[in-house]
Amino acid sequence: MDKTDIIKNFIVFEGLDGAGTTTQSKLLEKMFKSNNLKCVGTCEPTTGFIGKAIREVLSGSIKVAPGTIAKLFVSDRHEHLYNDETGIIVQCKRGSFVISDRYLFSSLAYQSLDYGFDNVRELNSSFPLPEHLFFLDVPSEICQHRLNTRNSLEIYEEYALQEKILINYNKSLDLYSGTKMNIHIMDGTMDITELGKIIWSKLSSLPIK
Ligand code: TYD
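Described below are features of the structure shown in this document. Model, not experiment: these values are computed from the prediction. (Residues numbered from 1 in each chain as written. Predicted model: local features only at pLDDT ≥ 70, side-chain atom pairs only at ≥ 80, totals over all residues. Heavy atoms only, no water.)

For the rest of this paragraph, the subject is the environment of Asp137. Relative to the assigned elements, Asp137 resides in strand S4 (residues 129-137). Apart from residues no more than four positions distant in its own chain, Asp137 is found in contact with Ile185, Met186, Asp187, Gly188 and Thr189. (Helix = DSSP H or I, 4+ residues; strand = E, 2+ residues; numbered from the N terminus. Contact = heavy atoms within 4.5 Å.)

What follows is the structure, given as C-alpha cells:
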C-alpha cells in the first residue's frame with residue numbers, strides 16, 4: 001500500500017453520518033483562511049453532474065443494481081481529482097490547501113455493504129491519498145440520535161447499517177495504516193469548538209509548505 005501517491009496539502013474528513021464531518025471541514029477551512037492561507041472546501045458526493053445523480057440514488061428515489069453506485073462514486077471522484085480547472089490536484093498545485101468532506105474511505109465503508117470490500121477497494125485502488133485523514137470517531141447510537149433531528153434520512157442513515165459501516169471504516173483505516181498518509185482518529189463526541197482547535201493544532205504544528 002505504501003506505494004500509493006500522496007497529495008500534499010489535501011485533507012479529508014471521514015466518519016459515520018452524523019459524526020460532524022461537514023461541521024469540522026467548514027471550521028478548518030475558516031481557520032486556514034483566518035490565518036491568511038489559501039484553502040478550498042469541497043465534498044463528495046460533489047455538486048457536479050455525477051454528484052447530483054448520486055444524490056438521487058442516496059435519497060432512495062432511484063433504485064440501482066449493486067455496484068452501480070460504487071462506480072458512480074468512482075466517476076465523481078475522478079472528476080473531483082482530475083478536472084483541470086477545478087480539480088483537487090490542480091488546486092493543490094496552485095498552492096491551496098484542499099479540504100474534502102468525505103473521499104474514497106467513504107466508498108470502502110458504505111459501498112462495501114452491497115458490493116463487497118475487495119471489489120470497492122479494487123475500483124478505488126488507483127486514486128492518490130490525502131496527506132491527512134481525520135476520522136471522527138462517534139458511536140453509532142450517538143450518530144443516530146443526531147440524525148433523528150434531521151427531516152429526511154438517506155438510504156444509509158439507518159442504525160443497523162451504521163454499525164456495519166463503522167466496521168468497514170475500521171477495516172479501511174487498518175488497510176492504509178502502513179502508508180505515508182497521516183491518519184488522525186479524533187473523538188467526535190467532544191465539544192465542536194474544542195475539537196476544531198485540536199484539529200487545527202495538529203496541522204499548524206507542522207511546517208507550512
Ligand atoms: P453527507 O456527507 O452526510 O452529506 P449530507 O449531509 O448532505 O447528507 O452524506 C453523504 C452520503 O454519501 C453519506 O451517507 C455517505 C455517502 N457516501 C457513500 O456512500 N460513498 C462515498 O464514496 C461517499 C463519498 C459518500
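Bringing the site of the ligand into the picture now. Lining the immediate surroundings of the ligand are 16 residues, of which Asp17, Arg77, Arg102, Ser107 and Gln111 lie closest. Here a nitrogen atom of the ligand sits 2.6 Å away from a polar atom, N or O, in the side chain of Gln111. If the ligand stood free it would expose 550 Å²; the protein chains cover 88% of that surface. Elements with a minimum of two residues in the shell around the ligand: helix H2 (49-59), helix H3 (68-82) and helix H5 (104-110). (Near = heavy atom within 4 Å. Polar contact = N/O pair within 3.5 Å; in protein donor to acceptor, adjacent residues only side chain to side chain. Areas by Shrake-Rupley, 256 points an atom, 1.4 Å probe, with all protein chains shown as cover.)

A few words on the nonpolar core. Counting 52 residues, the largest nonpolar core has Ile11, Leu28, Phe32 and Phe105 as its most contacted members. Apart from the residues within four sequence positions on either side, Ile11 is in contact with Leu28, Phe32, Phe97, Val98, Ile99, Ser100, Pro130, His132, Phe134 and Leu203. (Core = buried A, V, L, I, M, F, W, Y, C linked by side-chain atoms within 4.5 Å. Buried < 20%, exposed > 50% of the residue type's maximum accessible area, 1.4 Å probe, protein only.)

Within H2, the full set of buried residues consists of Ile50, Gly51, Ile54, Val57 and Leu58. Within H2, the buried residues cover an arc of 115° as seen down the axis, which keeps them to one side. Relative to its buried face, H2 has exposed residues pointing more than 90 degrees away, namely Phe49 and Lys52. Considering only its buried residues, H2 is in contact with H3. With its phi angle positive at about 90°, Gly60 sits one or two positions after the end of H2. (Arc of directions from axis to C-beta.)

Right, let's get into the sheet that holds strand S1 (residues 6-14). Whether parallel or antiparallel, the strands of a sheet pair through hydrogen bonds between backbone atoms. One open sheet accounts for five strands, arranged S2-S3-S1-S4-S5; its pairing is parallel. The strands lining the two open edges of the sheet, one partner per strand, are strand S2 (39-43) and strand S5 (182-187). If you compare each strand with its neighbour and ignore which way they point, the axes differ by 20° on average. Both S1 and S4 contribute to a ladder of six bridges, which runs parallel. Across the sheet, Ile11 pairs through a bridge with His132, a residue of S4. On top of the sheet, helix H9 (residues 159-175) reaches S1, S4 and S5; it is set at about 145° to S4, its chief contact. (Pairing = 2+ DSSP bridges. Axes fitted to C-alpha atoms, helices over the stretch in contact; angles between N-to-C directions.)

With that out of the way, let us pick up the environment of Glu44. Mapped onto the elements, Glu44 comes out in the loop between S2 and H2. With relative accessibility at 5%, the residue Glu44 sits in the buried group. Setting aside residues up to four positions removed in sequence, Glu44 forms contacts with Arg77, His80, Ser100, Asp101, Arg102, Tyr103 and Leu104. Engagement of the side chain of Glu44 in a polar contact is seen with the side chain of His80, the distance being 2.9 Å.

Per the stated rule, a full pass over the model turns up eight salt bridges. Across the pair Arg55 and Glu154 runs a salt bridge, and its minimum N-O distance is 3.7 Å. Of this pair, Arg55 sits in helix H2 while Glu154 is found in the loop between helix H8 (140-147) and H9, placing the two residues 99 residues apart along the sequence. The exposure class of Arg55 is partly exposed, given its relative accessible area of 39%. (Salt bridge = Lys/Arg side-chain N within 4 Å of Asp/Glu carboxyl O.)

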